[in-house]
Each structure stands twice: as C-alpha cells, then as structure tokens.
Amino acid sequence: DDELLRLARASGCAGLLVGIESLNPDSLSQAGKTWSSSGPAGGLSAALAVFRSHGIAVGGSFVLGLDGDTPASLNATLEFAIRERLFATLFNLLAPYPGTRLYERLQGEGRLHKPQWWLDPTYRYGETVFAPRHFSPAALSKQHDLMFRRFYGLPAVVRRFFDWRANARNLHQAFIYLAMN
C-alpha cells in the first residue's frame, strides 16, 4: 500500500520487520500462511521493492524446519535474503510450544526428542528439539548456524549495504545498518 508506506516514512519509520516465514509454498501452507500468495504482481521481490522505494529498510523473519524445508530450500532462502539486500534477518528454528497444534502433531508422530525443552536446563538457542522431516536435528541446527554466519559475514554485509534507497540512504541509516550487522 503506497499511501500507507508514504505515511509511515513521513512519520519517521526507517524500517520494518516482515514475517516472510518461508519461500516454500508447502511450508507456508503447513504454517497456515496462505496470505503471502495474494501479494503484488511479481511476488515477494516486488513487495520488498515497494518498501525500498519508500526508503524503508526491511528485516526479514524466517522459520526453519517446517516439513517442506530441505537443505536446498533453506540455501535458496539464504540467497534470497542476501540478493534482496535485507537490512537484517531472523532465521528462527521452528519451536513446538506446548498446547499448540504443532506440538500435539509432532508429539503424536513421535518426533519430539525433547518434549519439555523449555524446562530442560541443557537446552540452548539454536538447538532443534524435534525431528525435522528432511534433516537430522543436528543437521538443521548446523544449517541454521551456517545461514547466520553467511548472512552476517563480511561479503554479504558489504553487498547488502549498497542498497542506497533503504540500508544506507543517509549517514544515520548507514551507521545503524553497520552497527546491527
């Protein structure tokens, strides 16, 4: 919505966090996210270009470990985030919280290997607590770490910096970008 983004920018909005979740339609469907297919012509890249055209930097949030995710699809997600010059990303491991349909389904399928992970003193962020469909838990955790290292590695940080419309539109924004990255 151009008018909304124009007003947001005029109000001082410099960036937004967008819950992209996944680029994989099967994964989005599993997560109950059917809205993403109704975006502007040209899809997600076109929508992100609209944000940038208003000088608004975009942080992208992704969920890793949905049943449609594969090593190839997560590599494509990483390349997309770098190519689209996202200001920052959150690569979040799928977390089966108690009381959710996801938790109940994974428990029913015998895929929770730490059924009370939130109470486990040995649990650490970045640890996969269930058996993903196309990864071992350790392999998904490793993929998660590699995605962070590549996205926030110097070559990717430099490439993403040169988005003059949003990430480095002025000295203040450039400083924030570099400090966050």
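Everything here concerns the structure above.
Scoring rules and cut-offs
By convention here, each chain's residues receive numbers from 1 onward along its written sequence. Residues qualify for local features only when their pLDDT is at least 70, as the model is predicted, and side-chain atom pairs are given and counted only at 80 or more; totals for whole chains, interfaces and linings, by contrast, use all residues. The side-chain quantities take in all heavy atoms of the structure and omit both hydrogens and water. Here a helix means four or more residues in a row that DSSP labels H or I, a strand means two or more in a row labelled E, and each is numbered from the N terminus. Working definition: with a 1.4 Å probe on protein chains only, accessible area under 20% of the residue-type maximum means buried, over 50% means exposed, and in between means partly exposed. At least two bridges found by DSSP between two strands are what make those strands a pair. Crossovers are described as right-handed under a simple rule: with the strands pointing away from the observer, the path leading from the first strand over the helix to the second runs clockwise. Any two rings among Phe, Tyr and Trp, with Trp reduced to its six-membered ring, count as a pair given centres within 6.5 Å; such a pair is stacked if its planes are under 30 degrees apart, edge-to-face if over 60, and tilted if neither. Note on definitions: salt bridges are taken to be side-chain nitrogens of Lys or Arg within 4 Å of carboxyl oxygens of Asp or Glu.

(A) Layout of unusual backbone geometry. Of note, Glu21 is a non-glycine position whose phi angle comes to about 70°, a positive value. With respect to the helices, strands and loops of the structure, Glu21 is situated in strand 1 (residues 15-21). Even without being a glycine, Arg85 presents a positive backbone phi close to 55°. Classification of Arg85 by relative accessible area gives partly exposed; the value is 30%.

(B) Spotlight on the pairing of strand 2 (residues 57-64). Where burial is concerned, most of strand 2 is hidden: eight out of the eight residues are buried. Two strands pair when backbone bridges link them, and strand 1 and strand 2 are joined in this way by six bridges, in the parallel orientation. Each bridged residue has a counterpart across the sheet, and for Gly19 the counterpart in strand 2 is Ser61. Bridge analysis of strand 2 against strand 3 (residues 88-93) gives six bridges, and the strand direction is parallel. Residue pairing in the sheet places Phe62 in a bridge with Phe91 of strand 3. You can see the chain leave strand 2, run along helix 4 (residues 71-83) and come back into strand 3, and the turn it takes is right-handed.

(C) A look at the packing of aromatic side chains. For the structure on display, the rule yields 14 aromatic pairs. Ring centres 5.2 Å apart and planes at 70° place the aromatic pair Phe162 and Trp164 in the edge-to-face group.

(D) Structural detail: the pattern of salt bridges. One pass over the structure, following the stated rule, counts eleven salt bridges. Close ionic contact of Asp120 with Lys114 constitutes a salt bridge, the shortest N to O distance being 3.4 Å. On the basis of relative accessible area, Lys114 is assigned to the buried category, the value being 15%. When the shortest N-O distance is used, the salt bridge between Lys114 and Glu127 registers 2.6 Å. Of this pair, Lys114 sits in the loop between helix 5 (101-108) and helix 6 (137-151) while Glu127 sits in the loop between helix 5 and helix 6, and the two are 13 residues apart along the sequence. Under the relative-accessibility criterion, Glu127 is labelled partly exposed at 22%. The network of salt bridges with shared partners includes Asp67, Arg105, Glu109, Arg111 and Arg133.

None of this, on its own, says anything about what the molecule does.
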